[in-house]
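Remarks on the overall topology
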Amino acid sequence: MRYALIDNSTLTSVQRILGEIKVSSKSVIDNDIIAFENYIQAILFYDDLICIDDYKDEYKSKRAQSFPNVRLIPKSFFDYNKFNQLASEVTNDIVLEIRSGKITDKDFKDYFDRLQMTFQFTWDMSSSDFFLTQKMLLGKSMLSKDEFSKMHSYLFKEYNEHYESASGFLNKIPKLYDKEGNEIKIDGDGKIHNSSDGDGISGQFKRLVSSLNWMSHRTAFYSLAAEYLQADLFIQP
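Here the residue index of a chain counts from 1 through its sequence in written order. Local features are withheld for residues below a pLDDT of 70 in this predicted model, meaning they are given only at 70 or higher, and side-chain atom pairs are given and counted only at 80 or more; totals for whole chains, interfaces and linings count all residues. Hydrogens and water are ignored here; the side-chain numbers use all heavy atoms of the structure.

**Let's talk about the side chain of Lys172**
- Helix and strand assignments come from DSSP, with helices taken as H or I runs of at least 4 residues and strands as E runs of at least 2, each series counted from the N terminus. When you line up the elements, Lys172 lands in the loop between helix H6 (145–161) and strand S8 (175–177).
- Here Lys172 sits buried without a salt bridge, and the closest side chain of opposite charge, Asp93, lies 8.0 Å off (N-O distance).
- As used in this structure description, the phrase polar contact means that two N or O atoms lie within 3.5 Å; if the pair is within protein, one of them must be able to donate a hydrogen and the other to accept it, and residues adjacent in sequence are counted only when both atoms belong to side chains. Reaching out from Lys172, the side chain makes a polar contact with the backbone oxygen of Thr91 at a distance of 2.5 Å.
- Only heavy atoms matter for contacts: two residues are in contact if any of them lie within 4.5 Å across the pair. The contact partners of Lys172, leaving out residues within four places of it in the chain, are Thr91, Asn92, Ile94, Val95, Val209, Asn213 and Ser216. Exposure classes here rest on a 1.4 Å probe applied to the protein chains alone. A residue is buried below 20% of its type maximum, exposed above 50%, and partly exposed in between. For this count, His and the chain ends are skipped, Lys and Arg are scored as positive, and Asp and Glu as negative. One side-chain nitrogen of Lys or Arg within 4 Å of one carboxyl oxygen of Asp or Glu is enough to make a salt bridge.

Below you can see the structure in the form of structure tokens.
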């Protein structure tokens, strides 16, 4: 038997394509189409489709009704919490780092470089306070404005989808450094204490950080689970 492990985000994409879930932003449709194609390939080339049943309780029954061909693996089938903890340990050092307004940590810098996405982070005033915000640098990217906006929307989709899962994850605080190389201290609420430039981080920036943390954690979790379940992994593009 050949098993295909499908992540919950892929199934959510399929439901959006089929009109079962309302689309809040049309920018995510292109990504949903790729996820739908992966789902069809899994049906065609694998004997059995499985998915870890860690959706929130209010969504579980609808999901099961929508995918009768997918075997939902209960969390009790394996040590679910242990795998979540291991995923956190594996991604512990994957933290967004920004120096002088640019992403400098190896993991996310390489990730955005491959996507041809370049950000510049600046201090902008809001309600008489300065907050760290992100801007897209189209001049240094091979992507068009529309393509860049779509990719940006995909990232924020990850932020929204982490509320649908019962899985917990560590929302790590980013590392910030000023132009002199001094670390800027941030508390758990996004308040900055020792910067002469800004007072906090913007809501948009918080959502970006949360999305990246969620994405790295779930990628590690599903990779570990697929190896344990001896299945090939089909994960949200």
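From this point on, the discussion continues.
**Topic: the sheet that holds strand S9 (residues 183–184)**
- With respect to topology, 4 strands assemble into an open sheet ordered S5-S4-S8-S9, the strand pairing being mixed. Each having just a single partner strand, strand S5 (102–103) and S9 make up the two edges of the open sheet.
- In this sheet, S8 lies alongside strand S4 (residues 97–99) in parallel orientation, the contact comprising 3 bridges. Paired with Arg99 across the strands is Tyr177, a residue of S8. When DSSP finds two or more bridges between two strands, those strands count as paired.

**A look at the packing of helix H1 (residues 8–17) against helix H2 (residues 29–45)**
- Note on method: axes are straight lines fitted to C-alpha atoms, helices fitted across the in-contact stretch only, with angles between N-to-C directions ranging 0 to 180 degrees. Two numbers describe how H1 lies on H2: the axes approach to 8 Å, and their chain directions differ by 110 degrees. By the angle between their directions, the pair H1 and H2 is classed as roughly perpendicular. Counted together, Thr10, Leu11, Ser13, Val14, Arg16 and Ile17 of H1 and Ile29, Asp32, Ile33, Ala35, Phe36 and Tyr39 of H2 form the full contact between these two elements.
- Here the residues of the contact of H1 with H2 sort into 8 nonpolar, 2 polar and 2 charged. When an angle is under 35 degrees it counts as roughly parallel; over 145 it counts as roughly antiparallel; between 65 and 115 it counts as roughly perpendicular; any other value is oblique. Note that Gly is not counted as nonpolar here; it falls among the polar residues with everything else outside the nonpolar set of Ala, Val, Leu, Ile, Met, Phe, Trp, Tyr, Cys and Pro and the charged set of Asp, Glu, Lys and Arg.

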